[in-house]
Amino acid sequence: MRLSLSHRVAAIGLAAVFFISPAVAQPAAASSDDPLAGCEHLIGGTWTSNSSDHTFEWGVGRKYVIANSYFVDEAGEAKLVGQGLWYWDPAAETIKGISLAIDMPFDVMEMRSRFEDDRLINELTTIASDGTKSAYIETWDFTDADTYEWNLHQGDLDDPVMMSDTYTRR
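Just so you know, these numbers come straight off a predicted model, no measurement behind them.

## Description of the overall build of the protein chain
The helix and strand inventory of the protein chain stands at one helix and 10 strands. When its helices and strands are written in sequence order, the protein chain yields α-β-β-β-β-β-β-β-β-β-β. For the protein chain, the proportion of its 170 residues judged to be buried stands at 47%. Here the analysis covers contacts within the protein chain between residues at least 6 apart in sequence; of these, 36% occur between residues at least 24 apart. Here the protein chain has roughly 8000 Å² of accessible surface; of this, 49% comes from carbon and sulfur atoms.

Written as structure tokens, this is what we have:
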């Protein structure tokens, strides 16, 4: 694969995001009736950059979202490398998620997500096979209904951007 190890660490985090409103760049607010309504826009199509693709689908009863992450090799072939599940936790009043990965420097990623204006912020904790944990923050800045700018920070938002990419839906 053409991705560096650090890009692999970051790319699976991209699956953590799954909420964009159907309108241009404004995420939908969670409601008590349907706290995952904001993910409607991402269902269907493929979100793609030069190095990875992501797809999103509803789980049973629209109670959760399944996200698949693919690395694209030099021949343009996509290989499934991660699958995530996101849900609304009513006790914590937040969106939570978990992703499992292969061919990555970690096996598990836990997520908590929140919206701030036209930005989705994901707090990520990766867990390697030896139990080592690392913390990251990723941001998705929505520029229109089918595009977002992705940035990864180690630790917190005040830290410099480690990696960035642009994703569009096709």
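Now, onward.
## Here we look at the side chain of Ser52
Residue position: Ser52 is located in strand β2 (residues 52-58). Judged by relative accessible area, Ser52 falls into the buried class, the value being 1%. One polar contact links Ser52 to Tyr167, side chain to side chain, over a distance of 2.3 Å.

## Remarks on a nonpolar patch on the surface
Taken together, Leu85, Tyr87, Ile98 and Leu100 make up a surface patch of nonpolar side chains, about 320 Å² in accessible area. Elements with a contribution of two residues or more to the nonpolar patch: β4 (78-89) and β5 (94-101). By secondary structure assignment, the location of Leu100 is in strand β5. Overall, the relative accessible area of 51% leaves Leu100 in the exposed class.

## Describing the packing of aromatic side chains
Taken as a whole and assessed by the stated rule, the structure comprises five aromatic pairs. Through a chain of ring-to-ring contacts, the aromatic side chains of Trp47, Trp140, Phe142, Tyr148 and Tyr167 assemble into a single cluster.

## Examining the environment of Tyr87
For Tyr87, the position within the fold is in strand β4. Taking the relative accessible area as the measure of exposure, Tyr87 reaches 31% and is therefore partly exposed. Remark: the alpha-carbon pair of Tyr87 and Lys63, spanning 24 residues in sequence, is separated by 6.6 Å. Sequence-distant contacts of Tyr87, defined by excluding residues within four places in its chain, comprise Leu36, Lys63, Tyr64, Thr94, Ile95, Lys96 and Gly97.

## Considering unusual backbone geometry
Positioned with a positive phi, Arg62 is a non-glycine residue whose angle comes to about 55°. One can find Arg62 in the loop between β2 and β3 (64-72). Residue class for Arg62 comes out partly exposed when judged on its relative accessible area of 33%.

## Looking at the pattern of salt bridges
Taken as a whole and judged by the stated rule, the model has six salt bridges. A salt bridge links Asp34 to Arg62, with the shortest nitrogen-to-oxygen separation between them at 3.2 Å. Placement of Asp34 in the loop between α1 (5-13) and β1 (47-48) and of Arg62 in the loop between β2 and β3 is noted, with a sequence separation of 28 residues between them. For Asp34, a relative accessible area of 23% puts it in the partly exposed group.

## Here we look at the pairing of strand β8 (residues 133-144)
Direction of pairing for strand β7 (residues 119-127) relative to β8: antiparallel, over a ladder of nine bridges. Residue pairing for β8: Thr126 is matched across the bridge by Ser134. Where β7 folds back onto β8 in an antiparallel hairpin, the turn is made up of five residues, including Gly131, whose phi is positive at roughly 90°. One ladder, built from eight bridges, connects β8 with strand β9 (residues 147-154); its direction is antiparallel. Each bridged residue has a counterpart across the sheet, and for Asp141 the counterpart in β9 is Glu149. Between β8 and the antiparallel strand that follows it, β9, lie two residues.

Rules used in this analysis
Residues numbered from 1 in each chain as written. Predicted model: local features only at pLDDT ≥ 70, side-chain atom pairs only at ≥ 80, totals over all residues. Heavy atoms only, no water. Helix = DSSP H or I, 4+ residues; strand = E, 2+ residues; numbered from the N terminus. Buried < 20%, exposed > 50% of the residue type's maximum accessible area, 1.4 Å probe, protein only. Contact = heavy atoms within 4.5 Å. Areas by Shrake-Rupley, 256 points an atom, 1.4 Å probe, with all protein chains shown as cover. Polar contact = N/O pair within 3.5 Å; in protein donor to acceptor, adjacent residues only side chain to side chain. Patch = residues over 30% accessible without salt bridge, like charges linked within 9 Å, V, L, I, M, F, W, Y side chains within 5 Å. Salt bridge = Lys/Arg side-chain N within 4 Å of Asp/Glu carboxyl O. Phe/Tyr/Trp six-rings, centres within 6.5 Å; stacked < 30°, edge-to-face > 60°. Pairing = 2+ DSSP bridges.

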